[in-house]
Amino acid sequence: MMENSTAFDKIMDGLDIETYLVCSTVQEGKRLALQLGKEMNLGDVDIMFEEFDGYGMRVRLRKYIYKPGNAYRWLK
């Protein structure tokens, strides 16, 4: 087991965030979702799910911490 490891070091592949964004269009919702990733200091995030209902959009964002083939810290 790694000493001084953080919970972040133990993430298997990615971090998902799900929320509801108040917006008037799908395009605005997507823009806000990507902006949210940047405001949370996650950088670029992928939109994994989107559902617009006329008042806003439910979104699930994913920030890949490790992509296939990366050196996984949790294996050390």
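Whatever comes next refers back to the structure up there.
These remarks concern the structure in this document. (Residues numbered from 1 in each chain as written. Predicted model: local features only at pLDDT ≥ 70, side-chain atom pairs only at ≥ 80, totals over all residues. Heavy atoms only, no water.)

## Looking at unusual backbone geometry
At N41, a residue that is not glycine, the phi angle is positive and equals roughly 60°. Residue position: N41 is located in the loop between α1 (26-39) and β2 (46-52). (Helix = DSSP H or I, 4+ residues; strand = E, 2+ residues; numbered from the N terminus.)

## Some remarks on the environment of L61
Take L61: it is sitting in strand β3 (residues 56-64). With 46 residues separating them along the chain, L61 and L15 place their C-alpha atoms 8.1 Å apart. Ignoring any residue separated from it by four or fewer positions in sequence, one finds L61 in contact with L15, D16, I17, A33, L36, V45, D46, I47 and M48. (Contact = heavy atoms within 4.5 Å.)

## So, the nonpolar core
Counting 9 residues, the largest nonpolar core is built from I17, L21, C23, A33, L42, V45, M57, V59 and L61. For this core, the secondary structure elements donating two or more residues are β1 (14-22) and β3. When residues no more than four places from it in sequence are discounted, the contact partners of I17 are M40, L42, V59, R60 and L61. (Core = buried A, V, L, I, M, F, W, Y, C linked by side-chain atoms within 4.5 Å. Buried < 20%, exposed > 50% of the residue type's maximum accessible area, 1.4 Å probe, protein only.)

## Digging into a nonpolar patch on the surface
A cluster of nonpolar residues, Y20, V22 and Y55, forms a patch on the protein surface that exposes about 370 Å² of accessible area. Examined against the element boundaries, Y20 turns out to sit in strand β1. (Patch = residues over 30% accessible without salt bridge, like charges linked within 9 Å, V, L, I, M, F, W, Y side chains within 5 Å. Areas by Shrake-Rupley, 256 points an atom, 1.4 Å probe, with all protein chains shown as cover. Salt bridge = Lys/Arg side-chain N within 4 Å of Asp/Glu carboxyl O.)

## Digging into the sheet that holds β2
The 3 strands lie next to each other as β1-β3-β2, forming an open sheet whose pairing is antiparallel. Only two strands of the sheet have a single neighbouring strand rather than two, namely β1 and β2. Recorded for the sheet is a direction-independent mean angle of 15° between the axes of neighbouring strands. With 6 bridges joining them, β2 and β3 adopt antiparallel strand pairing. Of the residues in β3, the one forming a bridge with F49 is R60. (Pairing = 2+ DSSP bridges. Axes fitted to C-alpha atoms, helices over the stretch in contact; angles between N-to-C directions.)

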